[in-house]
Amino acid sequence: MPDFNYATGRRKSSAARVFLTTGSGQITVNGRSLDVFFGRETARMIVRQPLGTVSMLDRIDIRVTVTGGGTSGQAGAIRHGIARALVDYDEELRRPLRQAGFLTRDAREVERKKIGLHKARKRPQYSKR
């Protein structure tokens, strides 16, 4: 059996592979530390949420490879992956993580642009004459 727990997280068009090992709370994303990879504090906070919920911020090391999408999508994918990996690590954590909503895949995707409209739903200005 491997000495790590693995899970995949997804959000928008991003996919994150998460490897969880016991350690000191180090989070590495694509070979860089979390603080270097995400410039925005919001994204870093989103990534740490599942660990904070089960109070394991300084007991687990996380290695992530994430592809596709933008900053917020990648942060959401990592959060989803960490939550799934934590459940794989300890089944007892499923309940708190489920209640916090971290195990649910956010199914919202970008709506496609339609012909005759400026964007997905934005219409051209109505002209009476």
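Residues numbered from 1 in each chain as written. Predicted model: local features only at pLDDT ≥ 70, side-chain atom pairs only at ≥ 80, totals over all residues. Heavy atoms only, no water.

## As for unusual backbone geometry
Part 1 of the reasoning: Even without a glycine there, the phi angle at Lys12 is positive, about 50°.
Part 2 of the reasoning: Examined against the element boundaries, Lys12 turns out to sit in the loop between strand E1 (5-11) and strand E2 (14-22).
Part 3 of the reasoning: Residue Lys12 is classed as partly exposed on the basis of its relative accessible area of 36%.
Part 4 of the reasoning: One non-glycine residue, Ser55, adopts positive backbone phi at about 40°.
Part 5 of the reasoning: Note on placement: Ser55 falls in the loop between helix H2 (41-53) and strand E5 (60-67).
Part 6 of the reasoning: The exposure class of Ser55 is exposed, given its relative accessible area of 52%. (Helix = DSSP H or I, 4+ residues; strand = E, 2+ residues; numbered from the N terminus. Buried < 20%, exposed > 50% of the residue type's maximum accessible area, 1.4 Å probe, protein only.)

## A closer look at the pairing of E1
Looking down a regular strand, the side chains alternate between one sheet face and the other.
Part 1 of the reasoning: Among the seven residues in E1, five count as buried, and that is most of the element.
Part 2 of the reasoning: Sheet topology places E1 next to E2; seven bridges connect them, and they run antiparallel. When the bridges of E2 are listed, Gly9 appears paired with Ala16.
Part 3 of the reasoning: Here E1 hands over to E2 after two residues, with Lys12 in that stretch at a positive phi of 50°. (Pairing = 2+ DSSP bridges.)

## Thoughts on the packing of aromatic side chains
The geometry of two aromatic rings is summed up by the distance between their centres and the angle between their planes.
Part 1 of the reasoning: Counted by the stated rule, this structure contains three aromatic pairs.
Part 2 of the reasoning: Aromatic side chains Tyr6 and Phe19 sit 5.0 Å apart centroid to centroid with 45° between the ring planes, which places their arrangement in the tilted category. Of this pair, Tyr6 sits in strand E1 while Phe19 sits in strand E2, and the two are 13 residues apart along the sequence.
Part 3 of the reasoning: Phe19 sits in the buried class, given a relative accessible area of 14%.
Part 4 of the reasoning: Their ring planes at 90° and their centres at 5.0 Å tell us that Phe37 and Phe38 sit as a pair that is edge-to-face.
Part 5 of the reasoning: Pairwise contacts between aromatic rings join Phe4, Tyr6 and Phe19 into one cluster.
Part 6 of the reasoning: Across the ring face of Phe19, the terminal group of Arg63 is positioned such that the distance to the ring centre comes to 4.6 Å. (Phe/Tyr/Trp six-rings, centres within 6.5 Å; stacked < 30°, edge-to-face > 60°. Lys NZ or Arg CZ within 6 Å of the ring centre and 35° of its normal.)

## Some points on H2
Note: α-helices contain 3.6 residues per turn, so residues at a spacing of three or four share the same orientation.
Part 1 of the reasoning: Taking 1.5 Å as the rise per residue, H2 with 13 residues should run 18 Å; its terminal C-alpha atoms sit 18 Å apart, in good agreement.
Part 2 of the reasoning: Taking the largest bend as the criterion, H2 deviates by roughly 35°, centred on Val47, and proline Pro50 comes between one and four positions later.
Part 3 of the reasoning: Considered for burial, the residues of H2 that qualify are Ala43, Arg44, Val47, Pro50 and Leu51.
Part 4 of the reasoning: The secondary structure elements touched by the buried residues of H2 are strand E3 (27-29), helix H1 (34-37), E5, helix H3 (71-89) and helix H4 (94-100).
Part 5 of the reasoning: Directly beyond the C-terminal end of H2, a positive phi value near 40° is found at Ser55. (Expected span 1.5 Å × (residues − 1). Bend = angle between axes of the 7 residues up to and from the residue. Contact = heavy atoms within 4.5 Å.)

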